[in-house]
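Tertiary structure, described
Listed below, chain by chain, are the residues.
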Amino acid sequence: MSITTPLAFRPSLLQRTTAMLLFAGSWMMGLRMGSELIRQVPRLWTHIHQAQAAGEPAFGLWLLFSAAILVGLVGIAGLLVSLALVLLLEGTHVLADELGLTVQINSLPPTLARRAGAGRLSWKHVGLLHRSGPFFVVEPARDAHPDPGHLVEPTLRFLMVDELETLVTLIVDRSPNVRID
């Protein structure tokens, strides 16, 4: 059996550019808000101590101070998630050949890439195609009686690709066990 050149799917230039602009904008806004928060924390701390020294209730100021710290931490988590999504978007390639489907994530080390959704499935092992959050997920078919010595097939995940309709049609046409949710 001869294997032809695989079809390669990855995000288009417009999709990658839009993602990078959203990423850069969120980081610029996040850094500006973070610097403003850092500038206001000493002022809030001073007001708390002045209220305690004067014998006034400082519960509202403590609540405001705690909310500011919590918002800062949530903002940092959001910026890290946006960085991870851009890395996944930029480094993901979906390859389809005569033997199966491969997802490669080149922007992550191999162990993290595997956990993020990289791997290979043959067409006969493709079981379920669905969307989960921002990811398109291709799950392996679950056998009724799996062989104990058999390696576990990976679950493939990718964010977006150009010509997604072509990829979905290809998966549906070539996979005998596929279900779409």
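Residues numbered from 1 in each chain as written. Predicted model: local features only at pLDDT ≥ 70, side-chain atom pairs only at ≥ 80, totals over all residues. Heavy atoms only, no water.

Once that is clear, we can look at the pairing of strand β2 (residues 92-96). For β2, a buried count of four out of five residues is recorded, marking the element as mostly surrounded by other parts of the structure. One ladder, built from three bridges, connects strand β1 (residues 7-9) with β2; its direction is antiparallel. Bridge pairing in β2 places L7 opposite A96. With five bridges joining them, β2 and strand β3 (residues 100-105) adopt antiparallel strand pairing. Among the inter-strand pairings, H93 is bridged to a residue of β3, identified as Q104. Between the antiparallel neighbours β2 and β3 lie three residues. (Buried < 20%, exposed > 50% of the residue type's maximum accessible area, 1.4 Å probe, protein only. Helix = DSSP H or I, 4+ residues; strand = E, 2+ residues; numbered from the N terminus. Pairing = 2+ DSSP bridges.)

What follows covers helix α1 (residues 13-54). Taking 1.5 Å as the rise per residue, α1 with 42 residues should run 62 Å; its terminal C-alpha atoms sit 61 Å apart, in good agreement. Of all the bends in α1, the greatest reaches close to 25° and is centred on Q40; the proline P42 follows between one and four positions later. All buried positions along α1 are accounted for by R16, A19, F23, L44, I48 and A51. Next to the buried residues of α1 lie α2 (59-91). With its phi angle positive at about 80°, G55 sits one or two positions after the end of α1. (Expected span 1.5 Å × (residues − 1). Bend = angle between axes of the 7 residues up to and from the residue. Contact = heavy atoms within 4.5 Å.)

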